[in-house]
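In case you want the letters, here they are:
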There are 2 protein chains.
Amino acid sequence: MTTLESPGPTIGVVGGGQLGRMLAEAASPLGVDIVVLDPTPDCPAATVSTDQLVADFDDEEAITQLAERVDVLTFEIELADQDVLDRVRAETGVPVHPDPATLRTIHDKLAQKRELQAAGIPVPPFRSVSSVEDIEDALEEYGAPVMLKARTGGYDGRGNVPVESAAEAANALDAVAGPAMVESFVDFEREISVIAAKGYGETRAYPVGENIHEDEILRETVVPARSDDAALERAHEIADGVLEVMDGRGIYGIELFETTGGEIVLNEIAPRPHNSGHWTIEGARTSQFEQHVRAVLGWPLGSTALRCQTVSTNLLADVDQSCPAALAHVERVLESSTANLHWYGKREARPLRKMGHVTVLQADGESRDAQLERARSLREAVTFRATE
Amino acid sequence: MTTLESPGPTIGVVGGGQLGRMLAEAASPLGVDIVVLDPTPDCPAATVSTDQLVADFDDEEAITQLAERVDVLTFEIELADQDVLDRVRAETGVPVHPDPATLRTIHDKLAQKRELQAAGIPVPPFRSVSSVEDIEDALEEYGAPVMLKARTGGYDGRGNVPVESAAEAANALDAVAGPAMVESFVDFEREISVIAAKGYGETRAYPVGENIHEDEILRETVVPARSDDAALERAHEIADGVLEVMDGRGIYGIELFETTGGEIVLNEIAPRPHNSGHWTIEGARTSQFEQHVRAVLGWPLGSTALRCQTVSTNLLADVDQSCPAALAHVERVLESSTANLHWYGKREARPLRKMGHVTVLQADGESRDAQLERARSLREAVTFRATE
């Protein structure tokens, strides 16, 4: 039996960016309170959370204080420190979901790939890199190009360097500047992702999304993905396998490649609500954020059924240098009967920073291609250029 | 052109109950901040608002402070004081929506009825009451029973006293204990309501809801109402007429009777988001709360299209006396793939207090009758009785 009191359960969240903000938006209807920890005063999640602790993501004393105020800890950034979370959990007895062990595996892309491969999850050929020779060997074995990746700390394509030939290997290794791995370059038809939830004794996966990246940053997600049924089914099978490996409850963003040969292989996993799952707020019966709240609390998971064919598009700051954030012509989105605006409240626009997103629901009988074009034209109608 | 900055616009809300809470939940995705004023520390809206000023609804100094922090003032309770709001607006130059003049009209049920009647809105026969004789005259003219109503301060049926005969008139007048009016009792087929928005140079109305009351407190809303097309159309015509009378932007809850003779007559108006519009959160393209945010800011109004046939049911505290709030068996709602839980976070349960609501979306091909039964059985599955 689940009993809800007032005040309801409180979730402590390490990180208070847009994911924390949308988590707090989803927690409130359920009577669940959110306290975030983030080094930036007035972080995006602050205004809709019960409280913010202003502290670094690895500040053990502050995270201990956070734990003492909440029923369960979670995190919305991979920068959360697994060792600190482990110790805080041991000292305070407050559970942490997903498990810090999962964060440890995911932090290290090489360890992640090894563990998933051992579990039978299809991954691109990869190897550890400690020298230029390792890259050269990979080029020879996998064929050019290969993708050199920082084992830790990369996201949105940061830390990924394509290597076309042995001549580029040394510079690439310098660019990564730390422990590295190399992967066969996947010749993909499309990038897809499965948002999946691991709850208390149950798992649920959302319909597969198709992700369109540019400069390795997500621009749009189209749901359902424009893949055939066999590919969609295979993606869900792989997601099920991934959840078996992952330890601890919560939402996982599972990024996959659909290869030109029709295979599905794993790209990366995020142990948290994922940008490619923002469409669920309007497009699914339960948003990924509400699902994460349910999962970490051990509550029953919600339905992941599609409400509507959906496209989401990111509002990336189209600015040359940091400046106060201002988005002009939002009336273009507000006036659309099938579009929803999400503005994260970040104070500062920086080049290509994720400032918000727009969700576009299917108009009557609209094809996914037409819907995607409409989303793009809405995104281009709003502008980060100087206010007029 | 509408430009959104960070921090975005801030709305000051007099009142921080569940309506304020749901307003804040809806404001956040738009990048809009909410500051509430409410005398109860940790009021329902507090956790999801940027800040709460703890002060009475008519505390002019506090409301002035609130005005100085925000771009526009609104209210989510009719207890807001129209004279105070008028003065604060004049002193600070901060706009108030809806207009305090509207609040003044609506506060006095007699003035409200007179103004609406003058505008051609159909209302039940009514008259002012200053003595027992006035009630006797009404009984004679309209036929028994008649409804004696306090002109000010009543809600959820409080202040309404049915009078069956002249013998009851004196006691009824004592019970109302203040300025009163009397209305012909309307023999209605069903009670319905239109949630309508008055924006900047535009208005929009939601599909008509059917409201089921018990002891004059709303229990369920069924959307669309089970009325015929002519009645639904007439309800919208009346709503349009009401909005013309109302001054200032915002959401209006327009309660109507559908009489046994097939007429539609006005019952009452609430100049704020309304309990019978909670279904819009999941059931409409734009929730009444987001719509109120858009309206008071003068932004384009959102689509009021139905997403799904919807039933909402209130969770009224089923307790004999005040006690800490606890709701058992919420898993019954959480496990349903078509139900959404809303728990307002009120600390104290009091007999019949509105503590939350459940929204039930149509299951495949489900009739409205079956959907209503399902909503009721979910409501009865959760319980305010002692936790087990």
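Residues numbered from 1 in each chain as written. Chains lettered and ligands numbered in written order. Predicted model: local features only at pLDDT ≥ 70, side-chain atom pairs only at ≥ 80, totals over all residues.

1. Section: the relation of the copies chain A and chain B
Inference 1: Once turned by 180 degrees and shifted 0.0 Å along the axis, chain A lies on chain B with an RMSD of 0.1 Å. Here the transformation between the copies is reduced to the relation of a two-fold axis. The rotation axis passes nearest to the C-alpha of Val48(A) in chain A, at a distance of 2.1 Å.
Inference 2: Comparing interface residues between copies, 100% of those in chain A also lie at the interface in chain B; the contact surface is shared. (Least-squares fit on C-alpha atoms with pLDDT ≥ 70 in both. Contact = placed C-beta atoms within 7 Å.)

2. Let's talk about the domain arrangement of chain A
A common way to report how large an interface is uses the accessible area buried once the components associate.
All names here are of chain A.
Inference 1: Looking at the assigned domains, one finds that chain A contains domain 1 (10-96), domain 2 (125-184) and domain 3 (188-381).
Inference 2: Placing a centre on the C-alpha atoms of domain 1 and another on those of domain 3 gives a separation of 23 Å.
Inference 3: Taken residue by residue, the interface counts 19 residues in domain 1 and 16 residues in domain 3.
Inference 4: If you list the elements that add at least two residues to the side of domain 1 that touches domain 3, you get helix H1 (18-27) and strand E5 (72-75). (Domains from an automatic or database assignment. Helix = DSSP H or I, 4+ residues; strand = E, 2+ residues; numbered from the N terminus.)

3. A few points about the environment of Met147(B)
Inference 1: For Met147(B), the position within the fold is in strand E7 (residues 146-150).
Inference 2: The residues contacting Met147(B), other than those within four sequence positions of it, are Asn160(B), Pro162(B), Val182(B), Glu183(B) and Phe185(B).

4. Some remarks on helix H12 (residues 368-381) of chain A
Residue and element names in this part refer to chain A.
Inference 1: Taking 1.5 Å of rise per residue, 14 residues should cover 20 Å, and H12 covers 20 Å from first to last C-alpha, within 8% of that figure.
Inference 2: Within the span of H12, buried status applies to Leu372, Ala375, Leu378 and Arg379. For H12, the angular spread of buried residues about the axis comes to 125 degrees, placing them on one side. Residues of H12 that are exposed and point more than 90 degrees away from the buried face comprise Asp369, Ser377 and Glu380.
Inference 3: Buried residues in H12 make contact with strand E13 (217-223), strand E16 (310-316), helix H11 (331-334), strand E19 (339-343) and strand E21 (354-361). (Expected span 1.5 Å × (residues − 1). Buried ≥ 20, exposed ≤ 12 C-beta atoms within 10 Å, placed from the backbone. Arc of directions from axis to C-beta.)

5. So, the sheet that holds strand E9 (residues 180-184) of chain A
All names here are of chain A.
Inference 1: Spatially, the four strands line up as an open sheet ordered E6-E9-E7-E8, and their pairing is antiparallel. Every other strand in the sheet has two partners, leaving strand E6 (126-129) and strand E8 (160-163) as the edge strands with one partner each. Strand-to-strand twist across the sheet, computed as the mean angle between neighbouring axes with direction ignored, equals 25 degrees.
Inference 2: As paired strands, strand E7 (residues 146-150) and E9 are joined by five bridges and run antiparallel to one another. Each bridged residue has a counterpart across the sheet, and for Lys149 the counterpart in E9 is Met181.
Inference 3: Sheet strands in contact with helix H7 (residues 169-176) are E7, E8 and E9, and its direction is about 180 degrees off that of E8. (Pairing = 2+ DSSP bridges. Axes fitted to C-alpha atoms, helices over the stretch in contact; angles between N-to-C directions.)

6. Thoughts on the pairing of E7(B)
Inference 1: Alignment of E7(B) against strand E8 (residues 160-163) of chain B, held across four bridges, turns out to be antiparallel. For Leu148(B), the partnering residue across the bridge sits in E8(B) and is Val161(B).

7. Description of the confidence of the model for chain A
Caution applies to low-pLDDT regions: their predicted coordinates should not be interpreted in detail.
Inference 1: Across chain A, the average pLDDT comes to 94, with 98% of residues at or above 70.
Inference 2: Of the two predicted TM-score estimates for the complex, the pTM is 0.96 and the ipTM is 0.95. (pLDDT = per-residue confidence, 0-100.)

8. Re the interface of chain A and chain B
Inference 1: With 44 residues of chain A at the interface, the matching set in chain B holds 44 residues.
Inference 2: Of all the secondary-structure elements, those providing two or more residues to the side of chain A that touches chain B are strand E1 (4-5), H1, strand E18 (326-327), H11 and E19 of chain A.
Inference 3: Considered class by class, the residues forming the side of chain A that touches chain B number 18 nonpolar, 15 polar and eleven charged.
Inference 4: Bridge count for E18(A) against strand E1 (residues 4-5) of chain B is two bridges, and the pairing is antiparallel. In the strand pairing of E1(B), Leu327(A) is matched with Leu4(B). (Nonpolar A, V, L, I, M, F, W, Y, C, P; charged D, E, K, R; others polar.)

9. What about the environment of Asp81(A)?
All names here are of chain A.
Inference 1: With respect to the element layout, Asp81 can be found in the loop between E5 and helix H3 (82-92).
Inference 2: Sequence separation between Asp81 and Val32 is 49 residues, and the spatial gap between their C-alpha atoms is 25 Å.
Inference 3: Among residues more than four places away in sequence, those in contact with Asp81 are Phe57 and Asp58.

10. A closer look at the nonpolar core
Inference 1: With 204 residues, the main nonpolar core has Leu23(A), Val293(A), Leu23(B), Ile135(B), Leu148(B) and Val293(B) as its most contacted residues.
Inference 2: Not counting residues within four places of it along the chain, the set of residues in contact with Ile135(B) comprises Val129(B), Val146(B), Leu148(B), Val163(B), Ala169(B), Ala172(B), Leu173(B) and Val182(B).
Inference 3: By size, the runner-up hydrophobic cluster in this structure holds 16 residues, among which are Val161(A), Ala169(A), Ala172(A) and Val182(A). (Core = buried A, V, L, I, M, F, W, Y, C linked by C-beta atoms within 7 Å.)

11. A look at the environment of Ile11(B)
Inference 1: Inspection of the secondary structure assignment puts Ile11(B) in strand E2 (residues 10-14).
Inference 2: Sequence separation of Ile11(B) and Val70(B) is 59 residues, and the distance between their C-alpha atoms is 5.5 Å.

12. With respect to the sheet that holds strand E4 (residues 51-54) of chain A
Residue and element names in this part refer to chain A.
Inference 1: If you trace the four strands from one edge of the open sheet to the other, you get E4-E3-E2-E5, paired in parallel fashion. The strands lining the two open edges of the sheet, one partner per strand, are E4 and E5. Between one strand axis and the next, the sheet turns through 25 degrees on average, direction left out of account.
Inference 2: Two elements, strand E2 (residues 10-14) and E5, share four bridges in a ladder whose sense is parallel. The partner of Gly12 across the bridge, within E5, is Leu73.

13. Comments concerning the packing of helix H1 (residues 18-27) of chain B against helix H10 (residues 288-297) of chain B
Residues and elements named next belong to chain B.
Inference 1: In contact at an axis separation of 8 Å, H1 and H10 are set at 75 degrees when each is read in the N-to-C sense. By the angle between their axes, H1 is roughly perpendicular relative to H10. Contact residues: Met22, Leu23, Glu25, Ala26 and Ala27 in H1; Phe289, Glu290, His292 and Val293 in H10.
Inference 2: In terms of residue class, the contact of H1 with H10 is made up of six nonpolar, one polar and two charged. (Parallel < 35°, antiparallel > 145°, perpendicular 65-115°, else oblique.)

14. Points about the packing of helix H2 (residues 60-69) of chain B against helix H3 (residues 82-92) of chain B
Residue and element names in this part refer to chain B.
Inference 1: Between H2 and H3, the shortest axis-to-axis distance is 10 Å and the interhelical angle comes to 45 degrees. When the interaxial angle is binned, H2 and H3 end up oblique. Judged by the twist between their axes, the crossing of H2 over H3 is right-handed. Within the contact between the two elements, H2 uses Glu60, Ile63, Thr64, Ala67 and Glu68 and H3 uses Val84, Arg87, Val88, Glu91 and Thr92.
Inference 2: Partitioned by chemical class, the residues of the contact of H2 with H3 number four nonpolar, two polar and four charged. (Left-handed = near helix turned anticlockwise from the far one by under 90°.)

15. Examining unusual backbone geometry
Inference 1: At the junction of Ala144(A) and Pro145(A), the peptide bond is cis and its omega measures out at -10 degrees in the coordinates.
Inference 2: Relative to the assigned elements, Pro145(A) resides in the loop between helix H6 (132-142) and E7.
Inference 3: With an omega of -5 degrees, the peptide bond between Ser6(B) and Pro7(B) qualifies as cis.
Inference 4: Secondary-structure assignment places Pro7(B) in the loop between E1 and E2.
Inference 5: One non-glycine residue, Asp215(A), lies in positive phi territory at about 50 degrees.
Inference 6: Structurally, Asp215(A) can be placed in the loop between strand E12 (209-214) and E13.
Inference 7: C-beta crowding within 10 Å serves as the criterion here: with 9 such atoms nearby, Asp215(A) is assigned to the exposed category.
Inference 8: One non-glycine residue, Asp42(B), adopts positive backbone phi at about 55 degrees.
Inference 9: Within the secondary structure, Asp42(B) sits in the loop between strand E3 (33-38) and strand E4 (51-54).

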